Amino acid sequence: MLAYTIRRILMLIPVLIGMSIVTFAIIHFIPGNPARVILGDQATATAIANLEAQLGLDQPPYIQYFHYVFDLLKGDLGTSLRTNTPIAAEIWPRLAATIELTVFAMIFAIVVGVNAGIISAWKQNSIFDYTAMIIALIGVSMPIFWLGLMQQWIFAQELGWLPAFGRGNPRDPVETTTHLYVIDTIINGRFDQLWTSIKHLVLPGIALGTIPMAIIARMTRSSMLEILRSDYIRTIEAKGSRTLSVIYRHGFKNAVIPVLTVAGLQTGSLLGGAILTETIFSWPGVGRYVYEAIGTRDYPVIQSGILVIAFMFVIINLIVDLLYSYIDPRIKY
Amino acid sequence: MKKSLLLLLLSLLLVVFMAACGGDDEPADAGDDDDDVEETNDGGDSDVDDSDDGDEGDESAEAPAGDQTLIYARGGDSQSLDFASTQDGESSRITLQIYESLLSFNEHSFDVEPGLAEDWDVADDNVTYTFYLREGVKFHDGTDFNAEAVKTNFERWSDPDHEFAFTDEGYAYSVYGNQFGGFKGDDGHIIDEINIINDYEIEFILTEPFGAFLQNMAMSYFAITSPAALAEYGATINENPVGTGPFKFVSWTRDDSIVLDKFEDYWMEGYPKLDRVIFQVIPDNSARLTALRAGEIDIMDGLNPDDYELIQNEPGLQGFERETNNFGYLGFNVEMEPFDDPLVRKAMSHAVDKEALIPLLYAGLAEPAINPLPPSYLGYNDNLDPYEYNPELARELLAEAGYPDGFEFDLWTMPVARPYMPDPERAAEVLQANFAEVGLEANIFTLEWATYLDELTKGVQDVFMLGWSGTNGDSDYFLGNLLSTAGIPESNRTFYSNTDVDALLAEARTTVDEGERAALYEEALALIHEDAPMINLVHTTPVLAGSDRVQNYIPHLSTSEALTKVELAE
């Protein structure tokens, strides 16, 4: 187990090097000049040339790459071309925002998705089953953009129950230490702010969690149906008990592996790909950070941002793999 | 799995429950909460602004953050809070609150008014300008504003080797270079000498007369930073701004919000009215409007023109108009066949129905452009005969130019909305239909924004959509950049080059007398009109919306304004 973990962590290195080369190549192949974007569409040629020289953009790409990797090995993620600020300092608050949102979205997706899936399987072909699966189908196909705007319109504008944007009340800013607002507010003992932070998480969390929720529900249902047809469940039935609690206790444990796999993959992709949700709900997360960097050709931010996202993705997959053997002792590494 | 899930759920429920209790507790607790707010603010202050002494920190914390706190929502974050090293409009929106220039613009126009300088003199030689500085003005860090500070700032921008230029850290002062003809040692650099006469008198000596000098001095790019802060923060001055303006910097959460507090020692008696201003990023236009309607914000920028009428009839809301200061156009690559033929360009100018574009794309908040210059500008030529919409004539001219059957071309369409072009895609479709009517086949072609700008400088475009916004109200800023040979290819993307126009523009630049300057520009505009290097589409009126509690908010033409006089009604 330990040897496996170490091997998996070592395998991270070639993956990340590969990622960095691919990212570097792609962003340098696309046309567009960061100096021009920084200086705007109303800049002069000399200004652009000067800035290029200052930023080292006039050097050949492979030199730029080696500079970048060298800095990276020293633990330096580079400096944003656009804001002139170290990326390490810029990225954590955004990553924290994204992690917080992802965790909330996944809690919603897993709690609702797993339960809906189990009950659907238990009451296969019932009204509940059909309704749940139709909702799941709609959930998978729903454009997040539309869902987000509808949520805002109903819950923020018309009902006024929930806030439409941001992570907290801007009039009463959260004092940050970890940048995870839910944790920061607890550290500060500001439970009123905690409540505000949670309210801010609800709409974007549901918008972001809807697709994973639907996928998890369908996966749980099909996985459970298979289990429910197996011999030991038939034995339990033969003993005369097919209650929901039996299904939860004996059935779900065996159905959980594929569900876990899907949940892990979804978590990974939410961490990097929540740009739409982050845009609609003004959530200052890492997806928008990298997206805006692409728009302004902020090379170091794109590179380091994607590297960090890839790192998280790989780590989550590792955790999921390790969880397998914890949940199912038959799986050994 | 089930157990851990249950645990998670339970703990979440517990947390929510605790939170609910915490919020609804008896009034005794509310007092505690207030104390916490103070702590928060203190923490924020000391984190970001070490120069603030403890007393000031307490002051800002005691100011109730409820009544006079204004939340201003915008689409994007600022790049930097060092105004001189950026051209980003979202940056100057903030720095205008924190910093002031020697002169300022009138609320409604680009007329210069006193700023940090109470008065100024221009000597008869037209190259010596003396500024009489306001006395008793303090920077936010408590140091005095004086002539030395002015000189330090100007030297910082003009001399790349200056100790505060931060050249090695990637600072570049391109606006300074554009507006003052280069940097120290360059041939075109217009500022020859800066002499301190006494603490509150400073003299600028120019190399030659320069018509736009006073306008430039009022630009937000040439505001005065505390020299003590430059020494203290060095290259991180872009995150720690210290000026003399009505509001002082408190904190900046990137991509989220910038918080500014009232500067208690502001020199203008009784101002600012607001205790706190929060600039909040809300990227999506509809989401921003929802937040306004929900009462979560007070002012929003970037209202869709279509929503403007709606807003005005909604209780609790009001609309604001920013006066016209831009110009959207359809440029020809005049070096590319067939657009090298003025007849073709004129024909296409007659093919576009601007009047029909305006209600369709701008909800009426625009006027057709005749000159490549907004109407309020010096030298705007009223005597030109505009290219009227006339498909018949367009077809005739095309036949005369040798294209009776028309031709096919790429219509380069911007991928992003700009004030002068709120919906480029729809605009392209309308223009495409206009051109089809006279037998021309326009293929809509678009690229991602950074690429678009880059490709345009390479001269590979046929016909392209773009625009220009004014920053200092000077006509040269439009004409010199867009249509002079010197502007090729960075700002002059039509590659239009006419030596007569160049000569007129150069002369106007060094002319100080307004009447003479106006005449020169009018003449240049007449030549440009005859050559038709671009189809002048529209000047637009950008609109904003706000809650009806907002008072005395006057959007300035230059895209941003100080909120000194703004206040919130009950």
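Criteria and cut-off values
The residue count restarts for each chain, going from 1 along the sequence in the order it is written. Key to labels: chains lettered from A, ligands numbered from 1, both in the order written. Owing to the predicted nature of the model, reporting of local features is limited to residues with pLDDT of at least 70; listing and counting of side-chain atom pairs is limited to 80 or more, with chain, interface and lining totals taken over all residues. Numbering goes from the N terminus for both helices and strands, where a helix is a DSSP run of H or I of at least four residues and a strand is a run of E of at least two. To assign burial, the other C-beta atoms lying within 10 Å of each residue's own C-beta are counted, with C-beta atoms placed from the backbone; 20 or more indicates buried, 12 or fewer indicates exposed, and intermediate counts indicate partly exposed. By the convention adopted here, residues are in contact when the distance between their C-beta atoms, placed from the backbone, does not exceed 7 Å. Amino acids are sorted into nonpolar (Ala, Val, Leu, Ile, Met, Phe, Trp, Tyr, Cys and Pro), charged (Asp, Glu, Lys and Arg) and polar (every other residue, Gly among them). Expected helix span is given by 1.5 Å per residue-to-residue step, counting one fewer step than there are residues. Domain delimitation follows an automatic or database domain assignment. Strands are labelled as partners when DSSP assigns at least two bridges between them. Between N-to-C directions, angles span 0 to 180 degrees; the directions come from axes that are lines fitted to C-alpha atoms, helices contributing only their stretch in contact. Our angle categories are set so that under 35 degrees counts as roughly parallel, over 145 as roughly antiparallel, 65 to 115 as roughly perpendicular, and the remainder as oblique. In a left-handed crossing the near helix is turned counterclockwise from the far helix by less than a right angle, and in a right-handed crossing that turn is clockwise. Put simply, a nonpolar core is buried Ala, Val, Leu, Ile, Met, Phe, Trp, Tyr and Cys residues tied into one set by C-beta atoms within 7 Å.

**Focus: the overall build of chain A**
When helices and strands are tallied, chain A shows 14 helices and zero strands. Across chain A, helices and strands are ordered from the amino to the carboxyl terminus as α-α-α-α-α-α-α-α-α-α-α-α-α-α. Each of the three principal axes of chain A carries a C-alpha extent, and together these read 85 × 55 × 40 Å. By the burial criterion, 46% of the 333 residues in chain A qualify as buried.

**Digging into the environment of A:Arg249**
For A:Arg249, the position within the fold is in helix H11 (residues 244-273). Along the backbone, A:Arg249 and A:Gly56 are 193 residues apart, and their C-alpha atoms lie at a distance of 61 Å.

**What about the interface of chain A and chain B?**
Counting residues at the interface gives 66 residues for chain A and 61 residues for chain B. Within the residue set of the side of chain A that touches chain B, elements represented by two or more residues are helix H2 (34-39), helix H3 (45-55), helix H5 (87-122), helix H7 (144-158), helix H9 (191-228), H11, helix H12 (275-280) and helix H13 (286-295) of chain A. When residues of the side of chain A that touches chain B are assigned to their parent elements, the largest contribution, eight residues, is made by H3(A). Each residue belonging to the side of chain A that touches chain B can be placed in one class, and the counts come to 33 nonpolar, 20 polar and 13 charged.

**Considering helix H14 (residues 424-437) of chain B**
All names here are of chain B. The terminal C-alpha atoms of H14, which comprises 14 residues, lie 20 Å apart, in line with the 20 Å expected from a rise of 1.5 Å per residue. Of the surrounding elements, those touching the buried residues of H14 are strand S13 (326-332), helix H11 (342-351), helix H12 (354-362), strand S15 (408-413), strand S16 (441-446) and strand S17 (463-469). Downstream of H14 by a residue or two, Gly 439 has a phi angle that is positive, lying close to 90°.

**What to know about the domain arrangement of chain A**
All names here are of chain A. Considered domain by domain, chain A is made up of domain 1 (18-73) and domain 2 (87-327). Spacing between the C-alpha centres of domain 1 and domain 2 amounts to 36 Å. Taken together, the elements giving at least two residues each to the side of domain 1 that touches domain 2 come down to helix H1 (2-29) and H2. Among the elements that line the side of domain 1 that touches domain 2, the one with the most residues is H1, at five residues. For the side of domain 1 that touches domain 2, the per-class residue count stands at seven nonpolar, four polar and no charged.

**Here's the deal with the sheet that holds strand S4 (residues 117-122) of chain B**
Residue and element names in this part refer to chain B. Pairing in this open sheet of four strands is antiparallel, and the strands run S4-S5-S7-S6 from one edge to the other. Only two strands of the sheet have a single neighbouring strand rather than two, namely S4 and strand S6 (191-198). Taking the axes of each pair of neighbouring strands and ignoring which way they run, one obtains an average angle of 20° across the sheet. Sheet topology note: the S6/strand S7 (residues 201-206) ladder contains six bridges and is antiparallel. By the bridge assignment, Ile 194 is partnered in S7 with Phe 204. Strands in contact with helix H5 (residues 147-158) are strand S5 (128-133), S6 and S7; relative to S6, the strand with the most contacts, it is inclined by about 165°.

**Looking at the sheet that holds strand S18 (residues 534-540) of chain B**
Residues and elements named next belong to chain B. Across the sheet, which stays open at both edges, the six strands sit in the order S14-S18-S13-S17-S15-S16 with mixed pairing between neighbours. The two strands at the open ends of the sheet, each matched to only one other strand, are strand S14 (366-368) and S16. On average, adjacent strands in this sheet sit at an angle of 25° to one another, irrespective of strand direction. In terms of strand pairing, S15 meets S16 through six bridges, oriented parallel.

**Brief notes about the packing of H5(A) against helix H14 (residues 299-327) of chain A**
When two helices pack together, you describe them by how their axes are tilted relative to each other and by the distance separating the axes. Residue and element names in this part refer to chain A. Orientation of H5 relative to H14, taken along the N-to-C sense of each, is 50°, at an axis distance of 11 Å. When the axes of H5 and H14 are compared, the pair comes out oblique. As H5 packs across H14, the resulting crossing turns out to be right-handed. Residue-level inspection shows Ile 87, Ile 91 and Leu 95 of H5 in contact with H14, the latter providing Pro 300, Val 301, Ser 304, Gly 305 and Val 308.

**Considering the pairing of strand S9 (residues 257-262) of chain B**
Residues and elements named next belong to chain B. For S9, the buried fraction is high: five of the six residues fall into the buried class. Where strand S8 (residues 247-253) and S9 come together, six bridges link them in antiparallel fashion. Each residue of the ladder has a partner; that of Thr 253, found in S9, is Ser 257. Hairpin connection of S8 to S9: three residues between the antiparallel strands, including Asp 255 at a positive phi of 60°.

**Observations regarding the nonpolar core**
Formed by 227 residues in total, the largest nonpolar core has its most connected members in A:Ile216, A:Val259, B:Val277, B:Ala291, B:Met300, B:Met465 and B:Ala524. When residues of this core are assigned to domains, at least three map to each of domain 1 (18-73) and domain 2 (87-327) of chain A. Dropping the residues within four chain positions of it, B:Ala524 is found in contact with B:Leu479, B:Val501, B:Leu504 and B:Leu505. Of all hydrophobic cores here, the second largest spans six residues; its members include A:Val174, A:Tyr181, A:Phe191 and A:Trp195.

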